[in-house]
Amino acid sequence: MSFLSPTALHTRTASRKEDITAHGARLFNVSPETFSNWRWQMKHQVQSAEECAGLLSLTGSEQEAFVALKEKFHAGITPYYVALMSAGDARCPVRVQALPVMEEQVDALGVADPLKEVTNSPVKEVVHVYEDRVAFCVAQLCPVYCRYCFRKRRDEEVGLHFNKTIVDAGIAYIASNSRIRDVLITGGDPLIANDATLENLLSRLRAIPHVEILRIGTRVPVTLPYRVTPELAKMLAKYHPIWVNTHFNCAEEITPEATAAVDTLLREGIPVGNQAVLLKGVNDTPERLKALVEGLVRIRARPYYIYQAQIVEGTGHLRVPVEKGLDLMRSLRGNTTGFAIPQYVLDTPFGKVPLSPNHVVGRQGDEVVVETNGGKLWGEPNPLGTYEPKRPLLDVPEERKPHVVRL
Ligand SMILES: *Cc1c(COP(=O)(O)O)cnc(C)c1O
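Treat the numbers as computed from the prediction; the structure is a model and nothing was measured.

A. A look at the side chain of Glu117. Note on placement: Glu117 falls in the loop between α8 (93-98) and β1 (126-130). Overall, the relative accessible area of 6% leaves Glu117 in the buried class. Side chain to side chain, Glu117 and Arg153 meet in a polar contact 3.3 Å long. Other than its neighbours up to four places away in sequence, Glu117 contacts Val127, Phe150, Arg151 and Arg153.

And the structure:
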């Protein structure tokens, strides 16, 4: 069962008039000006069951988990993101992403570092999997600690947030490797540093001649949209070409505030993409996924990836079978704007692998037979000629041959 019916969901995201700032200010008993100050938000991160009193009615599992998981996995939620939650319904997709639950203690499959990031880092915090690009994890802290985070193992570490020694060594590594043309700045959430710290990092990376593009991976437009000030966007734009990938997971997160944050970046010429994670109870129905991607194109954030959730310890209750993911991708094709459809990928220690629903049935002589999204088989004239394919298509199964439609 989804938390809202598709119709209710659509009405709510398309026409919600009251913004989260007004609602949150009332909830936290501060002025809207205070509530929309990003530093106030970071200082008032909700980190315990006691702090939820009067804001949310917690389930037993949520209450217990705040204490039981304290040493193992961080909990921390911006007041803004709390204000997005349903106070009474634990199935709320926003709650599911941020409130700890006792299920995190039982995950038979989960491992600490499924992407082997430690082995893949030649110097600390520079993950180098592809020859031409790196992920540079400069930040350790986040506005909201997502329960499904694939760097959840790192919650016990301290002192890594924009650590000078680590940042200096990372920059030196990137500068010394002329094949690196693309640097993905990530963490943690890099945008919770102040403008001067960020500018120092960006200017040093921009000074490296072979670094062509800079990208920032951040959830700030979703979890702390007030951080995206016009000043921040202007500063970022000094280091173009710069791209931002953010991380919306459900239509409920597409608020007027988040919309404004994305718009502020776009107005400075910064393209905004979205990397979602496929999560049980958050976006794993055709209606919810469609509402998310259509909401994203309405605010001009281009759906880029939807990730298969990694087998990270403590996240088993949120994972979805790949077959379900493929069915969901099939449900989008033909039913929404082509560029609203993200690529479904599985990340591995050897890089990302597309998980694509297969529409190619096979080859039948000079024809390639495909299955359309309505289920029709289409025979496309396409002689192979003298080409010797590396991966030959299968033959079309006998029982399907009579059903092929042609021009
Ligand atoms: C995801 C990722 C990248 C970027 O991959 P793209 O497919 O280019 O977006 C780079 N390095 C690492 C280690 C990554 O995990």
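There is more to say after this.
B. Layout of the site of the ligand. Around the ligand, the neighbouring residues are Val127, Val129, Tyr130, Arg133, Arg215, Tyr304, Tyr305, Asp347 and Lys352. In the environment of the ligand, an oxygen atom lies 2.8 Å from a nitrogen or oxygen atom belonging to the side chain of Arg133. Taking Arg215, its side chain carries an N or O atom lying 2.8 Å from an oxygen atom of the ligand. Considering the ligand on its own, with 390 Å² of exposed area, one finds that the protein chains cover 87% of that surface. Contributing elements (two or more residues each) for the shell around the ligand: β1 and β7 (302-307). For the shell around the ligand, the element with the highest residue contribution is β1, accounting for three residues.

C. Representation of the pairing of β7. Summarising the sheet, strand β6 (residues 272-277) and β7 pair through five bridges and their orientation is parallel. Across the sheet, the residue bridging to Gln275 is Tyr305, located in β7. With helix α14 (residues 286-298) bridging β6 and the parallel β7, this β-α-β connection has right-handed handedness. Sheet topology places β7 next to strand β8 (residues 343-348); three bridges connect them, and they run parallel. Its bridge partner being in β8, Ile306 is matched across the sheet by Tyr344.

D. Up close: the sheet that holds strand β13 (residues 404-405). The strand order β10-β11-β12-β13 describes an open sheet built from four strands, whose pairing is mixed. Bordering the open sheet on either side are β10 (360-364) and β13, each of which pairs with just one other strand. Examined bridge by bridge, β10 and strand β11 (residues 367-371) share four bridges and lie antiparallel to one another. Across the sheet, residue Gly362 finds its bridge partner in β11, namely Val369.

E. Quick peek at helix α9 (residues 164-176). Spanning 13 residues, α9 covers 18 Å between terminal C-alpha atoms, matching the ideal 18 Å at 1.5 Å per step. Considered for burial, the residues of α9 that qualify are Ile166, Val167, Gly170, Ile171, Tyr173 and Ile174. The arc enclosing the buried residues of α9, seen along the axis, measures out at 160°, which places them on a common side. Residues of α9 that are exposed and point over 90 degrees away from its buried face: Lys164, Thr165 and Ser176. Of the surrounding secondary structure, the elements contacted by the buried residues of α9 are β1, β2 (133-137), β3 (182-186) and α10 (195-206). The residue sitting at the N-terminus of α9 and contributing the capping side-chain oxygen is Asn163; that oxygen lies 3.0 Å from the backbone nitrogen of Thr165.

What counts, and where the lines are drawn
Think of each chain on its own: its residues are numbered from 1, step by step along the sequence as written. With the structure being a predicted model, the display of local features is reserved for residues of pLDDT at least 70 and the display and counting of side-chain atom pairs for 80 or more, all residues being used for whole-chain, interface and lining totals. Just so you know, side-chain values use all the structure's heavy atoms and leave hydrogens and water out. Strands are runs of DSSP state E lasting at least 2 residues, helices are runs of H or I lasting at least 4, and numbering of each runs from the N terminus. The buried label goes to any residue with under 20% of its type's maximum accessible area, the exposed label to any with over 50%, and the partly exposed label to all in between, with areas taken from a 1.4 Å probe on protein chains only. Nitrogen and oxygen atoms within 3.5 Å of one another constitute a polar contact, given that in protein one can donate a hydrogen and the other can accept it, and given that sequence-neighbouring residues count only through two side-chain atoms. For this analysis, residues touch if any pair of their heavy atoms sits within 4.5 Å. Residue proximity to a molecule or strand is established when one non-hydrogen atom of the residue lies within 4 Å of it. Per-residue and other accessible areas were derived by the Shrake-Rupley procedure at a 1.4 Å probe size, with only the shown protein chains allowed to occlude residues. In this description, strands pair whenever DSSP reports at least two bridges between them. Here the term right-handed applies to a crossover when the path leading from its first strand over the helix to its second strand runs clockwise, the strands being oriented away from the viewer. In a helix, the anticipated span is given by 1.5 Å times the number of residues less one. Directions from the helix axis toward the C-beta atoms define the arc.

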